[in-house]
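Summary of structural features
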Amino acid sequence: MTQAALLEAWHDHLALGLRRSEHTVRAYLRTAQRLLVGQGLVDWDSVADLTAGHLRTHLAARREQGLSNASAARELSALKSFIAFARTQAGREVSDAPRMRGPRIAKGLPRPVTPDDAIGLAETVDALAVEDWVGARDRAVLLLLYGAGLRIAEALSLKADALPLGDRLTVTGKGGKQRVVPLLPIVREAVADYAARCPWPLPRDEALFRGAKGGPLAQGMVQKATARARRALGLPDSATPHALRHSFATHLLGAGTDLRSLQELLGHASLGSTQIYTQVDAASLLDTYRNAHPRERD
């Protein structure tokens, strides 16, 4: 076999078998390619023969190139998955794959924005836009993130056949998993306003949100518009589009939403991913206590 053939099989397994996102597939392919080239591997048996020692040496070289702890942990995870796949291709037991712990990563809590700031960001991207329809578009996207808890990739993957929006929207999330989210009137009205203003045709089987030249809207354009808005509002750098999804979750939890329901709304595969918001809400409560308690103000 050749390295190209190994990578093609790995790509098909990730994209077609596991239905990973394009970003994940690209990252895992790059990781596998670096391993194959670095170790000079050209068949599944040689990949399957790799030990924890081989992985340590490979990652040590990567760390010398400036790889951070978080990136090293992600790369190790990708390498383990690739070796496990190689072992199945070689007819080996996956359970015998090398075991190795990744570097410890300090997990930071998501930093939500206040409800007023969330709405302020949506209104400000509209006000700062050069063209009215672009402002309406960016406002609609941000309201989908904050009002319905969508990931930015989920919002931008919506097709025009979702129009006209009802009180519920079916969203395709990570791994092709679908979920149904409720839509507030302000969100439905914002999307309808954008669709009415958009100068480009919106065929039902193509992207709902369009860029300036008519193609599918890129995430980077939404991020740039949000950065301009947060600077105008004096908000911290943490006030990103993804922070609006965090804010959706944190504010619902603070209002009494149970974790299981929140898990469904966010499209999390495990409850553990959702439980981090209990820490966020507790942190917010502590900040409120410190600001309000008379002894803290002395």
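Here is what the cut-offs are and how they apply
Residues numbered from 1 in each chain as written. Predicted model: local features only at pLDDT ≥ 70, side-chain atom pairs only at ≥ 80, totals over all residues. Heavy atoms only, no water. UniProt positions renumbered as here; feature names shortened; annotations may be inferred. Core = buried A, V, L, I, M, F, W, Y, C linked by side-chain atoms within 4.5 Å. Buried < 20%, exposed > 50% of the residue type's maximum accessible area, 1.4 Å probe, protein only. Helix = DSSP H or I, 4+ residues; strand = E, 2+ residues; numbered from the N terminus. Contact = heavy atoms within 4.5 Å. Phe/Tyr/Trp six-rings, centres within 6.5 Å; stacked < 30°, edge-to-face > 60°. Lys NZ or Arg CZ within 6 Å of the ring centre and 35° of its normal. Expected span 1.5 Å × (residues − 1). Axes fitted to C-alpha atoms, helices over the stretch in contact; angles between N-to-C directions. Parallel < 35°, antiparallel > 145°, perpendicular 65-115°, else oblique.

The chain is annotated in an unreviewed UniProt entry as Tyrosine recombinase XerC from Qipengyuania flava. Recorded in UniProt under Function (unreviewed entry), the annotation for the chain is "Site-specific tyrosine recombinase, which acts by catalyzing the cutting and rejoining of the recombining DNA molecules. The XerC-XerD complex is essential to convert dimers of the bacterial chromosome into monomers to permit their segregation at cell division. It also contributes to the segregational stability of plasmids." Check the Sequence similarities (unreviewed entry) section of the UniProt entry for the chain; it says "Belongs to the 'phage' integrase family. XerC subfamily."

Section: the nonpolar core
Judged by nonpolar contacts, the single largest core of 42 residues is most densely connected at Leu142, Leu144, Leu150, Leu169, Tyr194, Phe209 and Leu244. Considering every element that reaches this core, the biggest residue donor is helix α7 (residues 132-148), with eleven residues. If sequence neighbours within four positions are ignored, Leu144 has contacts with Gly149, Leu150, Ala155, Leu158, Leu169, Leu183, Val187, Val191 and Phe209. If you look at the next biggest cluster of nonpolar residues, it comprises 20 residues, including Val25, Phe82, Ile83 and Ala86.

Observations concerning the packing of aromatic side chains
By convention here, two paired aromatic rings are described through the distance between centres and the angle between planes. Enumeration according to the criterion identifies six aromatic pairs in this entry. Consider the rings of Trp10 and Phe85, whose centres lie 5.4 Å apart with planes at 40 degrees: the pair is tilted. Taken together, the positions of Trp10 in helix α1 (residues 3-17) and Phe85 in helix α5 (residues 69-89) put the pair 75 residues apart, joining distant regions of the chain. Considered together, Trp10 and Phe85 belong to a single accessibility category, that of buried residues. What links up through ring pairs into an aromatic cluster is the set Trp10, Tyr28, Trp44, Phe82 and Phe85. The cationic tip of Arg137 hangs over the ring face of Trp133; the distance from NZ or CZ to the ring centre is 5.5 Å.

Thoughts on helix α6 (residues 115-128)
When the terminal C-alpha atoms of α6 are compared, their 20 Å separation across 14 residues agrees well with the 20 Å that a helix rising 1.5 Å per residue should span. Where α6 is concerned, the buried positions are Ala118, Gly120, Leu121, Ala122, Thr124 and Val125. Of the surrounding elements, those touching the buried residues of α6 are α7, α10 (219-233) and α11 (241-254).

Here's the deal with the packing of α6 against α10
Between α6 and α10, the shortest axis-to-axis distance is 9 Å and the interhelical angle comes to 105 degrees. Classified by the interaxial angle, the pair formed by α6 and α10 is roughly perpendicular. On α10, the residues touching Gly120, Leu121, Thr124, Val125 and Leu128 of α6 are Ala225, Thr226, Arg228, Ala229, Arg230, Ala232 and Leu233.

Structural notes on the UniProt feature "active site" (unreviewed entry) in the chain
Under the UniProt annotation, "active site" (unreviewed entry) lies at Arg151, Lys174, His242, Arg245, His268 and Tyr277. Here Arg245 is to be found in helix α11.

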